[in-house]
Amino acid sequence: MILLRKYLIFTFFSLFFSIILNAQENTELNNKKTKNKFWEKVRFGGGIGLSFGNDYTNIAIAPSGIYQFNQQFAGGIGLNANYSSRKKYFDATVIGASLIGLFKPINEIQLSAELEQNNVNFSDKIVSESTNYWYPSLFLGAGYAIGNFGAIGARYDVLYNNRKSVYGSAFSPFVRVFF
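My aim in this report is to walk through the structure given alongside it, one point at a time. This one's a predicted model, so the numbers in the text were calculated from it and none came from an experiment. (Residues numbered from 1 in each chain as written. Predicted model: local features only at pLDDT ≥ 70, side-chain atom pairs only at ≥ 80, totals over all residues. Heavy atoms only, no water.)

**Concerning the pattern of salt bridges**
Heads up, the condition is: Counted as salt bridges are all cases of a side-chain nitrogen of Lys or Arg within 4 Å of a carboxyl oxygen of Asp or Glu. Secondary structure elements follow DSSP: runs of H or I no shorter than four residues count as helices, runs of E no shorter than two count as strands, and numbering proceeds from the N terminus. Exposure categories follow from relative accessible area, calculated using a 1.4 Å probe and restricted to protein chains: below 20% of the type maximum is buried, above 50% is exposed, and the middle band is partly exposed.
All told, the structure shown has 3 salt bridges when counted by the stated rule. Where Lys125 meets Asp91, a salt bridge forms, and the shortest distance between an N and an O atom there is 3.4 Å. One end of the pair, Lys125, is in the loop between strand S5 (109-124) and strand S6 (129-146); the other, Asp91, is in strand S4 (residues 90-106), and 34 residues separate them in sequence. For Glu114, the salt bridge identified is with Arg155, shortest N-O distance 3.1 Å. Of this pair, Glu114 sits in strand S5 while Arg155 is found in strand S7 (residues 150-157), placing the two residues 41 residues apart along the sequence. With respect to class, Glu114 is no different from Arg155; both count as buried.

Printed below as a string of structure tokens:
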């Protein structure tokens, strides 16, 4: 009788603890599935630019990442750094960040809005003068969507100021790619 009681108590506790351990394992698996679903909707992209000449250098890097909320909407952030120099004339360093919003009303069209804030450090070598300022840009764009991977199109800076902007024109073409 004592042996049977010990066996029943052992069996009860064994089942009890195996159920608890199994429940904890299932909870951990569900948490991993939830985390993986988030990262399945995140895509990364960006751009790199290099330009060299006899007396001119331009180096640019602009990584970005977006979260695909659904088939139509995506939003994210971007960073950018640009160094330009022309011997005997100027040196310029631009570092900034941006917020990106993408909308696809139909599969072939991608509309975009991008708010960019840049810190400009410009050194004029002719008059030996340096300037440091912040400059915003608000780009509105449209392009032909290439599946969910990107788009090719044009954008327009509605805040463009030809004296302070880091861009040569308010209008600029773009190729946007995300993986």
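**Here we look at a nonpolar patch on the surface**
This is how the line gets drawn: Here, patches come from residues exposed beyond 30% relative accessible area and free of salt bridges, joined within 9 Å for like charges and within 5 Å for nonpolar side chains (Val, Leu, Ile, Met, Phe, Trp, Tyr). With residues, only the protein chains shown are counted as cover, and all accessible areas are computed by Shrake-Rupley using a 1.4 Å probe.
A surface patch of nonpolar side chains, amounting to about 660 Å² of accessible area, comprises Ile48, Leu50, Phe52, Ile59, Ile61 and Tyr83. Elements with a contribution of two residues or more to the nonpolar patch: strand S1 (42-52) and strand S2 (56-68). For the nonpolar patch, the leading source of residues is S1, giving 3 residues. The residue Leu50 is located in strand S1 in this model. The class for Leu50 is exposed, based on a relative accessible area of 58%.

**Some points on the packing of aromatic side chains**
Two measures describe an aromatic ring pair: the distance that separates the ring centres and the angle between the ring planes. To keep it simple, the criterion reads: When the centres of two rings from Phe, Tyr and Trp lie within 6.5 Å, Trp using its six-membered ring, the rings pair. Their planes under 30 degrees apart give stacked, over 60 give edge-to-face, and anything left gives tilted.
If you walk through the whole model with that rule in mind, you get 6 aromatic pairs. Their ring planes at 20 degrees and their centres at 5.2 Å tell us that Phe38 and Tyr67 sit as a pair that is stacked. A residue pair is termed long-range when its members are at least 10 positions apart, and Phe38 in helix H1 (residues 2-40) and Tyr67 in strand S2 qualify at 29 residues. Ring geometry for Phe139 against Tyr167: centres 5.4 Å apart, planes inclined by 80 degrees, an arrangement best described as edge-to-face.

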